[in-house]
Amino acid sequence: MKFYPEIEIDIEKAAEFLELPPSRLEDLIEKRSLKRNWDEYYNIYRFEGHAPHLEDGTVLIDHHGSFELVRGFPKIKRAMLLEPSIKNSFSKINSVVVEEKMNGYNVRVIEYNGKLIAFTRSGHVCPYSTEWIQNLLEMDFFKENPELILYGEMVGPDNPYVQKYVYDIASLEFFVFDIRYKNTGEALPVYKKKEIAEEYGFRQVRLFGEFNINEAAEKVKGIIKELGKKGREGVVIKDPEMVLQPVKYTASESNCADLRQAFKFYNEAGRDYLFSRVIREGFQSYEWNESEEEFQQRCLRLGESILLPMKKTIAQVETGERISDDFQIRVRDRNVVYKFKSYLERLGLYVVFETPEKIGDEYVVSIKKMNKSTNDKTLAMLEGQLWS
Ligand code: ATP
Ligand code: MG
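Keep in mind that this is a model prediction, so the values were computed, not measured.

Participant: Would you take a moment to explain the packing of helix 9 (residues 271-287) against helix 10 (residues 292-318) for this structure?
Facilitator: How two helices pack is summed up by the angle between their axes together with the distance between the axes. Taken N-terminus to C-terminus, the directions of helix 9 and helix 10 make an angle of 175°; their axes are 12 Å apart at the nearest point. Overall, the two elements helix 9 and helix 10 adopt an arrangement that is roughly antiparallel. Taking contact as the criterion, the partners of Val278, Glu281, Gln284 and Ser285 in helix 9 are, on helix 10, Phe295, Arg298, Leu302 and Ile306. By residue class, the composition of the contact of helix 9 with helix 10 is four nonpolar, two polar and two charged.

Now the structure itself:
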């Protein structure tokens, strides 16, 4: 058996635990699909890329030869047309539960060596989220249910990944949306999850109700229109038993807000990201059979969300100013600032941190994520270079 300097796990034992042939695990290590964390999280690994039968971002914890899996959050597929998608995805059941889809970032929480830690979607231990989680949540749930994992959304303005001001949250909050078992990733039924979250005093995503399959599309349409007006994102439609896969659906205003943010940094944004949001508008507009006036409003909203931010970016670069993604974080322990900076740098981001400002017993730090590609491209165009 080969020796991998970075990976110190017992390959035989780990392969047995993962129900893989040892050669397959070696292969994954060879291809760098199994990555090791750093510092105090040295015994935590994550699967990146194509790990077999495991969700992206799945985490493998090595407790000195015995193992534990924190499965990645499964991809939620999107409905383009509510009516046929609901009927098709949930044909085996009579009713579905509709929850609010909150717009923040996905975090998984477990206890590790006596402390709570927070994983982001990719399976990294995020120092910023971890500090917040340690301050927001009590340990009792984790002590009493060591086999369970909390999955939730970190929402609010002091957010390094997705800043949203529409939730009436002063800084940052954690909203539970799933509780799942370690190793298998099996989810608790919706009402069981809700009951447990209530029992331990966790904040949860809103549950709008349970609807018969035949009325669900119409109900969701009403809910989405209201959410859209408030700038909120959308819904996740779930099998109450959590056996069938959930389905997501979002408001036009939220799709357009994504576009507005993305077109500001038009050369950084992924083409699929932009394209899929435009397509959503086409299907929603078709299904909702809207009036001419509503349709015109949609056209304006969509068009503006694409053009306004681009025009602003070009104008800003023209003045000699560079565009950047600006946000702030709020921490209690000053060291978290430095840990978080080095964390972002390890992930390959170019970030500029201002000096932490002490406000009460917290530190607020302004951060700029520089968008070099859009800056350079815009400058080049302004200097008369050709697109390609
Ligand atoms: P994916 O479909 O792979 O999750 P994505 O990262 O683009 O893709 P979104 O389109 O934001 O994700 O939708 C899924 C995410 O929605 C989840 O990862 C989760 O963080 C978030 N979410 C918010 N509210 C809920 C909820 N009530 N139930 C489930 N997920 C929710
Ligand atoms: Mg999201």
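Participant: Help me out: how do you make sense of the sheet that holds strand 6 (residues 95-101) in this one?
Facilitator: Adjacent strands of a sheet pair through backbone hydrogen bonds, lying either parallel or antiparallel. Reading across the sheet, the five strands line up as 5-13-12-6-11 and stay open at both edges, with mixed pairing between neighbours. The sheet is open, and its two borders are formed by strand 5 (77-78) and strand 11 (207-212), each paired with just one other strand.

Participant: What am I meant to see in the site of ligand 1 here?
Facilitator: In the neighbourhood of ligand 1, 16 residues make up the surrounding shell, with Glu99, Glu100, Lys101, Glu153 and Lys248 lying closest. Lys101 is positioned such that a nitrogen or oxygen atom in its side chain is 2.7 Å from an oxygen atom of ligand 1. At 3.0 Å, a side-chain N or O of Lys238 approaches a nitrogen atom of ligand 1. Protein coverage of the free-state accessible area of ligand 1, which is 610 Å², stands at 82%. Elements that contribute at least two residues to the shell around ligand 1 include exactly strand 6 and strand 12 (234-238).

What counts, and at which threshold
- Counting from 1, residues in each chain are numbered in the order their sequence is written.
- Starting at A for chains and at 1 for ligands, labels are handed out in the order in which the entities are written.
- This being a predicted model, a pLDDT of at least 70 is required before a residue's local features are given, and a value of 80 or more before pairs of side-chain atoms are given or counted; all residues contribute to the totals for chains, interfaces and linings.
- Heavy atoms from the whole structure form the basis of all side-chain values; hydrogens and water molecules are not counted.
- To get an axis, fit a line to the C-alpha atoms, keeping to the stretch in contact for a helix; angles then go from 0 to 180 degrees between the N-to-C directions.
- Helical segments are the DSSP runs of H or I of at least four residues, strand segments are the runs of E of at least two, and each set is numbered from the N terminus.
- Throughout this description, any angle smaller than 35 degrees is read as roughly parallel, any larger than 145 degrees as roughly antiparallel, any in the 65 to 115 degree range as roughly perpendicular, and the remainder as oblique.
- Residue contacts are defined here by distance: any two heavy atoms, one from each residue, within 4.5 Å place the two residues in contact.
- Residues are grouped as follows: nonpolar covers Ala, Val, Leu, Ile, Met, Phe, Trp, Tyr, Cys and Pro; charged covers Asp, Glu, Lys and Arg; every other residue, Gly included, is treated as polar.
- At least two bridges found by DSSP between two strands are what make those strands a pair.
- Neighbouring residues are identified by heavy atoms, a residue being near a molecule or strand if any of them is within 4 Å of it.
- Between N or O atoms, a polar contact is any pair within 3.5 Å; within protein, one atom must be a potential hydrogen donor and the other a potential acceptor, and residues adjacent in sequence are included only when both atoms are from side chains.
- Every accessible area reported is derived by Shrake-Rupley at a probe size of 1.4 Å, with residue values counting cover from the shown protein chains alone.

Such coordinate-based values are descriptive only and should not be taken to indicate function.
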